[in-house]
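Next come the chains, spelled out residue by residue.
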Amino acid sequence: MVNYANPFKNSKAKDLNTDQINEYWVNYPGLNIAKEIIAPHVSKPIIIKGSKGTGKSHIFLYHSISIVKERPENKDKNLVELINDDGFVAVYIKMHSTLSHRFQGNEVDDKQWIIIFENYLNIYMAIKTLEQLKYLIEKTESIDQHLFIKQVNAKIMPSYGEDQLKSIDDLQRILIGILTEIDHNVNDSAMYLKIDPVSIPFNTSNLVTEMPKLLFDVIPSLGSNSHFIYLIDEIEDFSENQQRYLNTLIRSFSSPISIRLGTRLYGHKTDETLTSEIIKYGAEYMEIKLDDYYKIYSPEYKELCEQIVLKRLIAYKSIDKAPSPNDISSFFDSSFESGVTINKTTSKLKDRLKSNLKRVKLSNKEINDIVEPLQSDDIYIESEKIMYFYKLMSKLKSFVFVELVKVAHTVSDDNLDFVKYKGKWSKHIKQIVLNLHSKPLYSGFDCYVYLSGGIVRNLLDMLSETFDLSYSYREEPFQKNHKISLNSQSEGISTFSKWYYQDAIAMCKYPERTKQFIDRLGLFFHRNFYSEKPSEVETATFFYDENALLESQREVIEDATSHSLLVEIKPRRAKNAREEKKQYQLIVTLSPLWNLTHTRRSSVELTKLFISALFSDNIDDFSNYLKQRLGSCEFPFQTKGNGQFYTSPEQLTFL
Amino acid sequence: MNYNYLMFPKSTILPEKIGDIGAYDLLLTTYSTNDRVSFIGNNLRSKVVVKLVFNELQFHDVKEDNVFSYDTIEENIYISKLLKYLEETYSISTFETLRIAIDLTGFVTPYLFFLLLSLYQIQKVKEIDFFYTEPIKYLDAEYTEFLQGNSESRPIKGFSMGSDMLSEDALLILGTGYDRSILQRINNQETCKKHYVFGLPSTQPDMYFQNIFNVYSVDKSIASLSNERKSYASATDPFHNAFVLDEIVTKESSLTNVKLCPIGSKPQALGFFLYYLINHDKGTHKLNVIFPYSDIHNSDCSAGISRVWRYQINKSIAEKINTTIQNPENNNRN
């Protein structure tokens, strides 16, 4: 049994307790999240979108009153002081994934369901609001809670007698009673195929739109510019019809009440209201995309990652003193800094060259004569020569000994083209050599930052995986003067990458089709990367003409994007062309599955033929396309192609 | 602990002796081309045998007598149409006095749950015999996929006593199964505290390890979970499963919301149903049953027939347990 504390465990905000939500909070460098994302001064609703793991829930929770009041500096403050400090009070309301299914079907009319859902949501929001504010209202002597309840009674729930509604407890009890009755009727509707309406003697939407105002009215000495904000998380779990109600509701808010809605990138499914009107982007609501702030190569993102890791390490008590950002890198061994020793006598790239030359019927002596001028004591230099030799060789019409040996002798530093070639390809070739010799490809803290793909949760999960491995290898991770080995890092990153893929596919709408698409795409990038004559460096980006896709194919790309397997980047415009083509990258977090680098330099076009092969039900169509497409990159550089065919990352072995 | 759960009768039957079992009035079984799944339907004696075609098993346009099919994704609608079909075709409108047999093998869990709720609660059936045919092995061992396509965990119709949105202190009791993608999805969707029930003894000795392999590969944190969050119940004994659920929930007396998710063997699912039947109206906590709904269920993933089990759920025993729960002193005397 494992009996140590992994500081990176619990990467989801929902798994953190109140203290941890406060303790692990990091503001995005250069950005005031409270001011620019929660933005209390903006009365329009704001939809905050982000890929999973970009911190939406942490942002919402951290700014919600239940968490704010628990910060050490706020423990003695009452509600008035807390609102006056920040200029707002926010309540966090989480939706549940089962919500959309409970209010549909059972042969009950959709219109009837939406009325039941409206009431349910309104009452639920009111219950959650009271739950989060009750303690503070009671703690604040200057708030006349009896006046507040009296106002609620008079203006929202007039049919209740004063004796029924005397306190916040009474109000909660009434609302929970109604909600429970709705729950029972919804459940019974499955058996009786009809639903009994619950009699509610007041307009429930007033609870949401008016109750906070009534509360503000009875709070004396409240700053004139104070705001009340609903933070509704995970609205992607609403059905389209339910979102129509939400769109209707958010139109009815007026100052000082506003709303922020958190969702995955494609979670806001409609702009329509219940009356089929459109809520207008810009004029009626605003949108913030968290992914736009998280660019993996930006210094701000690296700083954010460092700060997040530091917070975790500081909480991890076994560290002697609070570490600094520089300390973080020192906890990791780095292959590119320390160098990886490879026994030159076992150069696999050279072996592969010899074996390829044998395939074109050359004798052992002829092969040795060709290879001899390419040899070097330094395996990386030798590898560069071999790869350049392949480049020259591919231009030959036939592979005869005399020509080949002549070409081999032109490969030297006297050849300016070779020097230029090295400048472009040396890093790539180093990766090929490391991969061929099964050496760790991924190491160093920066590598973790890049491979997180702009998703901070990925960073924590990768570090968590690495920590477990390193600890089990007795490396004393994140302790002074101890380094996490290359193997632990590489293994931790690769294990996480596989888990990430499996996890994302399990959540996809079209798991089989989406997995097939990503598998084939990854395989294409891998084969291109590790071919004898790669056409482009570090390719894991593609673009296509929107018109070339069938609807079913577009669905798959959207599915992959909304589950963070692909990342949409700025469109590509061909020279002298008007139209822009959509452009995507395989998320860098998946790079270890195909041994690709985290850098993305060039982009390939998915032609109609390529698209058809990627989506074909017949695997032979893809296999044949790949052979044809990579024929000029893979030995013997014919369009017919060669090479073993792989179908998924699990089967992937190079050579 | 309420040992009365273990009082329900159960027995094993050699496959070649299945024809010796006394005739039933009604047998409900699953239509399948798999020998194991169709074994009871083809061999158990019953005046009326109805083979149910479930859309998830991907059998379309089956042209056979005594087959029932209805195109819907809602289990309650399907069962209500089935009851109507039994009335129209076989003049079965009251079930109370019938000798009913239900073959669990191959039955799609949400349909089973809703059928049983209808029979025990609405039709006031007193007793049902359940049959389960054990496989010798699953074809792809630990890599066997029982469900395919997109899946989503949600409450089984009629088994949602209350939204869990109001209760922060929910507990999900997960009867573990093989499907990694299904486990992964539940793990993602359900963020509450979890308790895992593993099938041990398993149907076949190697199946326990195959199960463990899959569960741990989805959530490594399970390995470090304390034993308080893990329980074991026989994969072929529904009554042991109900007993274990009772034990878990009794220990968590402060909970207001308990969710059950049976994705292991069918006898385990029956045990989860039995626990619900006895406890759902206790009022101490809300009980919900959730299931990972999926478009496609693999109908042909097992090989061989080992043993046949017969379980009997008699409502008088269930009522007795219910009474002992209301009056714990009675339980002590038993």
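Residues numbered from 1 in each chain as written. Chains lettered and ligands numbered in written order. Predicted model: local features only at pLDDT ≥ 70, side-chain atom pairs only at ≥ 80, totals over all residues. Heavy atoms only, no water.

Q: Can you break down a positive patch on the surface residue by residue, with the values?
A: Residue and element names in this part refer to chain A. A surface patch of positive charge is lined by K391, K395, K420 and K424. For K424, the location among the structural elements is in helix α20 (residues 416-436). A residue is classified by how much of its surface remains accessible, and K424, at 46% relative accessible area, is partly exposed. (Patch = residues over 30% accessible without salt bridge, like charges linked within 9 Å, V, L, I, M, F, W, Y side chains within 5 Å. Areas by Shrake-Rupley, 256 points an atom, 1.4 Å probe, with all protein chains shown as cover. Salt bridge = Lys/Arg side-chain N within 4 Å of Asp/Glu carboxyl O. Lys, Arg positive; Asp, Glu negative; His and termini not counted. Charge placed at Lys NZ, Arg CZ, Asp CG, Glu CD. Helix = DSSP H or I, 4+ residues; strand = E, 2+ residues; numbered from the N terminus. Buried < 20%, exposed > 50% of the residue type's maximum accessible area, 1.4 Å probe, protein only.)

Q: Before we move on, could you go through the sheet that holds strand β6 (residues 127-133) of chain B and cite the residues and values that matter?
A: All names here are of chain B. With mixed pairing, 7 strands are arranged side by side in an open sheet as β1-β15-β6-β5-β2-β3-β4. Looking at strand neighbours, the two that pair on one side only are β1 (10-13) and β4 (67-69), the edges of this open sheet. Each strand axis lies, on average, 25° off the axis of its neighbour in the sheet, ignoring direction. Sheet strands in contact with helix α3 (residues 109-122) are β2 (24-30), β5 (100-103), β6 and β15 (308-314), and its direction is about 160° off that of β6. (Pairing = 2+ DSSP bridges. Axes fitted to C-alpha atoms, helices over the stretch in contact; angles between N-to-C directions. Contact = heavy atoms within 4.5 Å.)

Q: Account for the packing of helix α17 (residues 364-371) of chain A against helix α19 (residues 401-409) of chain A, with residues named and values stated.
A: Residue and element names in this part refer to chain A. Closest axis-to-axis distance for the α17/α19 pair is 8 Å, and the angle between their directions is 25°. It follows that α17 is roughly parallel to α19 by the angle criterion. Packed against α17, whose contacting residues are E366, D369 and I370, the element α19 presents F401, L404, V405 and A408 at the interface. Taken together, the residues that form the contact of α17 with α19 break down as 5 nonpolar, no polar and 2 charged. (Parallel < 35°, antiparallel > 145°, perpendicular 65-115°, else oblique. Nonpolar A, V, L, I, M, F, W, Y, C, P; charged D, E, K, R; others polar.)

Q: Explain the pattern of salt bridges to me, and be specific about the residues and the numbers.
A: For the coordinates displayed, the defined rule picks out 40 salt bridges over all chains. A salt bridge links R244 of chain A to E272 of chain A, with the shortest nitrogen-to-oxygen separation between them at 3.2 Å. Taken together, the residues R244 of chain A in helix α12 (residues 240-251) and E272 of chain A in the loop between β4 (257-263) and β5 (286-289) connect sequence positions 28 residues apart. Note that K126 of chain B and E96 of chain B form a salt bridge whose closest N and O atoms lie 3.8 Å from each other. In this pair, K126 of chain B sits in the loop between α3 and β6 while E96 of chain B sits in the loop between α2 (75-90) and β5, placing the two residues 30 residues apart along the sequence. For K126 of chain B, a relative accessible area of 48% puts it in the partly exposed group. One salt-bridge network, in which partners are shared between bridges, spans K14, K94 and E234 of chain A.

Q: Explain the confidence of the model for chain B to me, using residue names and the numbers behind them.
A: Residue and element names in this part refer to chain B. Averaged over all residues, the pLDDT of chain B equals 84, while 90% of them reach at least 70. Below a pLDDT of 50 lies the segment residues 330-334, which in the model reaches 9 contacts outside its immediate sequence neighbourhood of four places, other chains included. Both confidence scores are given for the complex: pTM 0.86, ipTM 0.88. (pLDDT = per-residue confidence, 0-100.)

Q: Explain helix α27 (residues 619-629) of chain A to me, and be specific about the residues and the numbers.
A: Residues and elements named next belong to chain A. Here α27 has its buried residues at F622, S623, Y625 and L626. One face of α27 carries all of its buried residues, which in axial projection span an arc of 165°. Buried positions along α27 lie against α24 (511-529) and α26 (608-615). (Arc of directions from axis to C-beta.)

Q: An account of the confidence of the model for chain A is requested, with residue identities and associated values reported.
A: For chain A, per-residue confidence averages 88 on the pLDDT scale, and residues scoring 70 or more make up 93% of the total. Contacts from residues 639-655 of chain A, a stretch scored under 50 in pLDDT, to residues over four places away or in other chains number 46 contacts.

Q: If you had to explain the side chain of H101 of chain A to someone new, which residues and values would you point to?
A: Assignment of secondary structure puts H101 of chain A in helix α6 (residues 99-102). Sequence-distant contacts of H101 of chain A, that is, excluding residues within four places in its chain, are made with E152 and R154 of chain B.

Q: So what's going on with the interface of chain B and chain A? Residues and values would help.
A: On the chain A side, the residues contacting the 41 residues of chain B number 41 residues. The interface formed by chain B and chain A includes 0 salt bridges. Applying the counting rule to chain B against chain A returns 8 residue pairs in polar contact (both at pLDDT 80 or more). Counting only elements with at least two residues in the side of chain B that touches chain A, the list comes to α2, α3, β8 (147-160), α4 (180-189) and α5 (205-218) of chain B. Looking at the side of chain B that touches chain A residue by residue, the class counts come to 10 nonpolar, 19 polar and 12 charged. (Polar contact = N/O pair within 3.5 Å; in protein donor to acceptor, adjacent residues only side chain to side chain.)

Q: Residues and numbers for a negative patch on the surface, please.
A: On the surface, a cluster of negative charge is made up of E512 of chain A together with D140, E145 and D295 of chain B. Among the structural elements, E512 of chain A can be located in helix α24.

Q: How would you explain the packing of α24 of chain A against α26 of chain A if you had to name every residue and give the values?
A: How two helices sit against one another is set out by the angle between their axes and by the gap between those axes. All names here are of chain A. Between α24 and α26, whose axes approach to 8 Å, the crossing angle comes to 125°. As judged from the angle between their axes, α24 and α26 are oblique. Taking contact as the criterion, the partners of Q516, F517, R520, L521 and F524 in α24 are, on α26, F610, A613, L614 and F615. A breakdown of the residues in the contact of α24 with α26 according to their chemical character gives 7 nonpolar, 1 polar and 1 charged.

Q: Now, about the packing of aromatic side chains: what can you tell me, with residues and values included?
A: Across all of its chains, the model carries 61 aromatic pairs over all chains by this definition. Both rings, one in F399 of chain A and one in F635 of chain A, keep their centres 5.8 Å apart while their planes meet at 15°; by these two values the pair is stacked. One end of the pair, F399 of chain A, is in the loop between α18 (379-393) and α19; the other, F635 of chain A, is in the segment after α27, with 236 residues separating them in the sequence. In terms of burial, F399 of chain A and F635 of chain A fall into one category: buried. Plain terms: the ring middles of F198 of chain B and Y232 of chain B are 5.7 Å apart, the flat faces sit at 25° to each other, and that makes the pair stacked. Of the two residues, F198 of chain B is situated in strand β10 (residues 193-199) and Y232 of chain B in strand β11 (residues 230-233); the sequence distance between them amounts to 34 residues. One cation-aromatic arrangement involves K430 of chain A over Y380 of chain A; the distance from NZ or CZ to the ring centre is 5.3 Å. (Phe/Tyr/Trp six-rings, centres within 6.5 Å; stacked < 30°, edge-to-face > 60°. Lys NZ or Arg CZ within 6 Å of the ring centre and 35° of its normal.)

Q: Tell me what's going on with the pairing of strand β3 (residues 46-53) of chain B, and back it up with residues and numbers.
A: Where a strand is regular, its side chains alternate between the two sheet faces. All names here are of chain B. The buried count for β3 comes to 7 of 8 residues, which makes it a mostly enclosed element. Across 6 bridges, the pairing between β2 and β3 is parallel. Across the sheet, the residue bridging to Y24 is S46, located in β3. You can see the chain leave β2, run along helix α1 (residues 35-43) and come back into β3, and the turn it takes is right-handed. Sheet topology note: the β3/β4 ladder contains 3 bridges and is parallel. The residue bridging K51 from the neighbouring strand is V67, located in β4. (Right-handed = clockwise from strand over helix to strand, strands pointing away.)

Q: Let's hear about the state of the cysteines: which residues, and what values?
A: The tally for this structure, following the rule as stated, stands at 0 disulfides over all chains. C305 of chain A forms no disulfide, and the closest cysteine sulfur to it belongs to C447 of chain A, at a distance of 12 Å. In this structure C305 of chain A comes out as buried when scored by relative accessible area, which is 0%. Of all cysteine sulfurs in the structure, the one in C192 of chain B sits closest to C261 of chain B, which takes part in no disulfide; the separation is 10 Å. (Disulfide = S-S within 2.5 Å.)

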